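If you want the building blocks of each chain, they are given just below.
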Amino acid sequence: MHLKVRVKICGITNISDMDASIKYGTHYAGLMFFEKSPRFVNLNLARQLSLHAGNKIKKVAVTVNLNNQILDEIVKKVPLDFIQLHGNETPKRVHEIKARYNLPVIKAIGISEPTDLDFISPFNDVADQLLIDAKSPASSILPGGNGLNFDWKLLKDFQFSCPWLLAGGLNSENAAEAIAITGATQLDLSSGVEKAPGLKDEDKISLLMSSI
């Protein structure tokens, strides 16, 4: 494994999947607070998973357009290392959330064509990291986790000014190619390491980690 490539397994819903993520050396675990997602975890389960993981992995709250009242509850109850914003949050909102919770923020941006890259620069100065994902189709209720990828060549010569993760349709068969084309040093996977929505596959995690 490429030591410099960090992996985030998103949508952890149970202890054994958290353990598998830790066992194979992934860097981040995503806890999904979007209720329409098959990977949604309630506050009690999220707290249990986070406490179980301890400091063995970075815990990321994945949220979509949440108000302060709900975010307050999440941050109060669940030990976290990052907040991920996967909705239509503005740079101003990113700044507000960082200031309110004193936690680093990952902002997700959906990409499907060259003009979408213009959405990146407004977040460079406010987000701690960016997550570049395939733009969700209009028909999808999920902002991510759709198992779709985009044309990685769009990022071939793009210069990021803050750390970033590549997401969207990644798995053990295409991760190395995605890294080679984009220069990504961090990957985010969800459906690509699952046997069913919300249930990870330890063998797929193992294969992925040995493929990069």
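So, a few notes on the structure that sits alongside this text.

## Description of the packing of aromatic side chains
One pass over the structure, following the stated rule, counts three aromatic pairs. Plain terms: the ring middles of phenylalanine 158 and phenylalanine 160 are 4.8 Å apart, the flat faces sit at 70 degrees to each other, and that makes the pair edge-to-face. When the ring of phenylalanine 160 is compared with that of tryptophan 164, the centres are 4.3 Å apart and the planes differ by 15 degrees; the resulting orientation is stacked. Of the residues examined, tryptophan 164 reaches a relative accessible area of 9% and is grouped as buried. Feature note: the residues Phe158, Phe160 and Trp164 constitute an aromatic cluster, connected by ring pairs.

## What to know about the packing of helix 2 (residues 43–53) against helix 3 (residues 68–77)
Contact pair helix 2 / helix 3: the axes reach a minimum separation of 9 Å and the direction vectors enclose 35 degrees. Both helix 2 and helix 3 take part in a crossing whose hand is right-handed. Between helix 2 and helix 3, the residues in contact are Leu43, Asn44 and Arg47 and Glu73, Ile74 and Lys77, respectively. Per-class residue counts for the contact of helix 2 with helix 3 are two nonpolar, one polar and three charged.

## Some remarks on the sheet that holds strand 3 (residues 58–63)
What the eight strands build is a closed barrel, ordered 1-2-3-4-5-6-7-8; its pairing is parallel. Direction aside, neighbouring strands of the sheet carry axes that sit 25 degrees apart on average. Bridge count for strand 1 (residues 6–10) against strand 2 (residues 28–32) is three bridges, and the pairing is parallel. The residue of strand 2 that forms the bridge with cysteine 10 is glycine 30.

## Quick look at the pairing of strand 7 (residues 164–167)
Alternating positions in strand 7 separate into two faces, Trp164 and Leu166 on one and Leu165 and Ala167 on the other, with burial throughout. Bridging between strand 7 and strand 8 (residues 186–189) involves two bridges; their strand directions are parallel. Bridge pairing links alanine 167 to aspartate 188 in strand 8. Note that the unit made of strand 7, helix 5 (residues 175–182) and strand 8 has a crossover that is right-handed.

## Notes on helix 5
Every α-helix winds through 3.6 residues per turn, so residues three or four apart in the chain are directed the same way. Residues of helix 5 that are buried include every one of Ala175, Ala178, Ile179, Ile181 and Thr182, and no others. Packed against the buried residues of helix 5 are strand 7, strand 8 and helix 6 (202–211). At the exit of helix 5 stands glycine 183, carrying a positive phi of roughly 75 degrees.

## Remarks on the nonpolar core
Counting 58 residues, the largest nonpolar core has Leu31, Leu130, Ile132, Phe150, Leu166 and Leu187 as its most contacted members. Ranked by the residues each element gives to this core, the list is headed by helix 5, at four residues. Ignoring sequence-local partners within four residues, the contact set of leucine 166 consists of Ile132, Phe150, Trp152, Leu155, Ala178, Thr182, Ala184, Gln186, Leu187 and Asp188. The next biggest cluster of nonpolar side chains, apart from the first, holds 13 residues, and it includes Phe34, Ala108, Leu131 and Ala167.

## Side note on helix 2
Where helix 2 is concerned, the buried positions are Ala46, Leu49, Ser50 and Ala53. In an axial view of helix 2, the angular spread of the buried residues amounts to 95 degrees, which keeps them on one side of the axis. Against the buried residues of helix 2 lie helix 1 (15–23), strand 2 and strand 3. For helix 2, the side-chain oxygen to backbone nitrogen distance between the N-cap and asparagine 44 is 3.2 Å, and the N-cap itself is asparagine 42.

## Brief notes about the side chain of arginine 39
By the secondary structure assignment, arginine 39 is in the loop between strand 2 and helix 2. At a separation of 3.0 Å, a polar atom in the side chain of arginine 39 contacts the side chain of serine 190.

## Looking at unusual backbone geometry
The phi dihedral of asparagine 65 is positive, around 55 degrees, even though this residue is not glycine. Checked against the element boundaries, asparagine 65 lands in the loop between strand 3 and helix 3. The exposure class of asparagine 65 is partly exposed, given its relative accessible area of 43%. In this model, asparagine 102 sits at a positive phi of 55 degrees, which is unusual for a non-glycine residue. Within the element layout of this structure, asparagine 102 appears in the loop between helix 4 (91–101) and strand 5 (105–111). By relative accessible area, asparagine 102 is classed as exposed at 69%.

Definitions and limits used
Per chain, residues are indexed from 1 in the order of the written sequence. In view of the model being predicted, local features appear only for residues whose pLDDT reaches at least 70, and side-chain atom pairs are presented and counted only at 80 or more, with totals across whole chains, interfaces and linings using the full set of residues. To obtain the side-chain values, all non-hydrogen atoms of the structure were included, while hydrogens and water were left out. Centre distance within 6.5 Å is the pairing criterion for rings of Phe, Tyr and Trp, where only the six-membered ring of Trp is used; planes under 30 degrees apart are then read as stacked, over 60 as edge-to-face, and the remainder as tilted. Between buried and exposed lies partly exposed: a residue is buried under 20% and exposed over 50% of the maximum accessible area for its type, with that area taken using a 1.4 Å probe on protein chains only. To get an axis, fit a line to the C-alpha atoms, keeping to the stretch in contact for a helix; angles then go from 0 to 180 degrees between the N-to-C directions. Labels follow the DSSP assignment, with helices taken as runs of H or I lasting at least four residues and strands as runs of E lasting at least two, numbered in each case from the N terminus. By definition, any crossing whose near helix is turned counterclockwise from its far helix by less than a right angle is left-handed, and any crossing with a clockwise turn is right-handed. Any two residues whose heavy atoms approach within 4.5 Å at even a single point are treated as in contact. By the convention adopted, Pro, Cys, Tyr, Trp, Phe, Met, Ile, Leu, Val and Ala count as nonpolar, Lys, Arg, Asp and Glu as charged, and the other residues, Gly among them, as polar. Two strands form a pair only when DSSP identifies at least two bridges running between them. With the strands pointing away from the viewer, any crossover whose connection runs clockwise from the first strand over the helix to the second is right-handed. The term nonpolar core refers to a set of buried residues drawn from Ala, Val, Leu, Ile, Met, Phe, Trp, Tyr and Cys, joined through side-chain atoms within 4.5 Å. Comment: arc refers to directions from the helix axis out to C-beta atoms. N or O atoms within 3.5 Å of each other form a polar contact, as long as, within protein, one can give a hydrogen and the other can take it, and as long as residues adjacent in sequence are counted only when both atoms are side-chain atoms.

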